[in-house]
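Close look at the chain arrangement
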Amino acid sequence: MSKLIKIFLDTANVEVIREIAGIYPIDGVTTNPSVLAKECDNVGDTLMSISKIIGEDRFLHVQTTAATAQEMFAQAKKMKAVFGANFYVKIPITEQGLKAITLCKNADINVTATAVFTPMQALLAAQSGADYVAPYINRIDNIVSDGVDVVAHISKLFSVQDVKTRILAASFKNVQQVYGTVANGAHAVTISGELCKELLFHPYTEKSLDDFRSDWEKKFGKREITDFI
């Protein structure tokens, strides 16, 4: 994997994905049962549409809905057969989930361990073979803890133990949370389309452009720079 931070869209809204993927350097899309239930009616059609939009060079993460390890494994195998090599199955960090992670990795299926709230959960997922662990930043904050600090501890723990599993931080409400996780060792983040746009926006950037245009037009009117070349 590249050392450069990876940015995923955490949505099942096909139009949002199409718009953002055409502009921003995203690396793929993540979904979960809540996102799919909120944003689509036909799950299969939606996931296929997302897969086509992002193409073969980006990654699709889809969570299982089963309760037992064997059922999770069966769902993972079926989804990989449909979505291909760049598919990651998301598996919750439970006892059955740990077992399912091992089964999936033995079958060469990429795994993201999800619903991570503590460094020890992350370590257990990593030891079971997970490629990514996904700590829930804002949800951690909501239980009077510190999501960014949890990422920092996971990063330190993985470094000390020479763990190759990567951190895919999720559940964000603002840009500061995203920045904090990246600055403290997250290898990837998954964010909404709206928050993705907020990463780029700054009012003084917009003001600077307005000033450039105003100064130009005072001197050269409506002509463009290439009109002089």
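Refer to the structure presented above.
Here goes a summary of the coordinates provided. Predicted, not measured: the structure shown is a model, and the values here were computed from it.

Parameters and conventions
- Residues numbered from 1 in each chain as written.
- Predicted model: local features only at pLDDT ≥ 70, side-chain atom pairs only at ≥ 80, totals over all residues.
- Heavy atoms only, no water.
- Core = buried A, V, L, I, M, F, W, Y, C linked by side-chain atoms within 4.5 Å.
- Buried < 20%, exposed > 50% of the residue type's maximum accessible area, 1.4 Å probe, protein only.
- Helix = DSSP H or I, 4+ residues; strand = E, 2+ residues; numbered from the N terminus.
- Contact = heavy atoms within 4.5 Å.
- Expected span 1.5 Å × (residues − 1).
- Arc of directions from axis to C-beta.
- Polar contact = N/O pair within 3.5 Å; in protein donor to acceptor, adjacent residues only side chain to side chain.
- Pairing = 2+ DSSP bridges.
- Right-handed = clockwise from strand over helix to strand, strands pointing away.
- Lys, Arg positive; Asp, Glu negative; His and termini not counted.
- Salt bridge = Lys/Arg side-chain N within 4 Å of Asp/Glu carboxyl O.

Ranked by internal contacts, the top residues of the largest apolar core, which has 56 residues, are Val-89, Ile-91, Cys-104, Val-133, Ile-154, Phe-172 and Ile-191. Residue contributions to this core peak at six residues, all from helix α4 (residues 69–83). Ignoring any residue separated from it by four or fewer positions in sequence, one finds Ile-154 in contact with Val-116, Thr-118, Pro-119, Ala-122, Val-133, Pro-135 and Ile-167. Counting residues in hydrophobic clusters, the runner-up holds six residues, among them Phe-8, Tyr-88, Tyr-132 and Ala-188.

A separate point is helix α3 (residues 43–54). Compared with an ideal rise of 1.5 Å per residue, which puts twelve residues at 16 Å, α3 spans 17 Å between its outermost C-alpha atoms and is within 8% of the ideal. Taken as a whole, α3 has its buried residues at Thr-46, Leu-47, Ile-50 and Ile-54. For α3, the arc enclosing every buried residue in end-on projection is 95°, short of the 170-degree limit, so these residues lie on one face. Residues of α3 that are buried make contact with α1 (14–21), β2 (28–30), α2 (33–39), β3 (59–63) and α4. The distance from a side-chain oxygen at the start of α3 to the backbone nitrogen of Gly-44 is 3.3 Å, and the residue carrying that oxygen is Asn-42. Of the residues trailing α3, Gly-55 is marked for its positive phi of about 75°.

Residues Tyr-132 and Ala-134 of strand β6 (residues 132–135) are buried on one face, and the alternating residues Val-133 and Pro-135, pointing to the opposite face, are buried as well. Of the strand pairs in this sheet, strand β5 (residues 110–116) and β6 are connected by three bridges, and their pairing is parallel. Its bridge partner being in β6, Ala-113 is matched across the sheet by Val-133. As for the winding sense of the linkage, the β-α-β connection from β5 through helix α6 (residues 119–127) to β6 is right-handed. The sheet contact formed by β6 and strand β7 (residues 166–169) spans two bridges and is parallel. Its bridge partner being in β7, Val-133 is matched across the sheet by Ile-167.

Let us now look at the pairing of strand β8 (residues 188–191). Side-chain alternation along β8 places Ala-188 and Thr-190 on one buried face and Val-189 and Ile-191 on a second face that is also buried. Two elements, strand β1 (residues 6–10) and β8, share four bridges in a ladder whose sense is parallel. Bridge assignment links Leu-9 to a residue of β8, and that residue is Ile-191. By the bridge criterion, two bridges tie β7 to β8 in an arrangement that is parallel. Residue pairing for β8: Ala-169 is matched across the bridge by Val-189. Following the backbone out of β7, through helix α9 (residues 175–183) and into the adjacent parallel β8, one traces a crossover that is right-handed.

For the rest of this paragraph, the subject is the side chain of Lys-6. Tracing the backbone through its elements, the reader meets Lys-6 in strand β1. For the buried Lys-6, no salt bridge exists, and the shortest N-O distance to an oppositely charged side chain is 4.1 Å, to Asp-27. Dropping the residues within four chain positions of it, Lys-6 is found in contact with Asp-27, Tyr-132, His-187, Ala-188 and Val-189.

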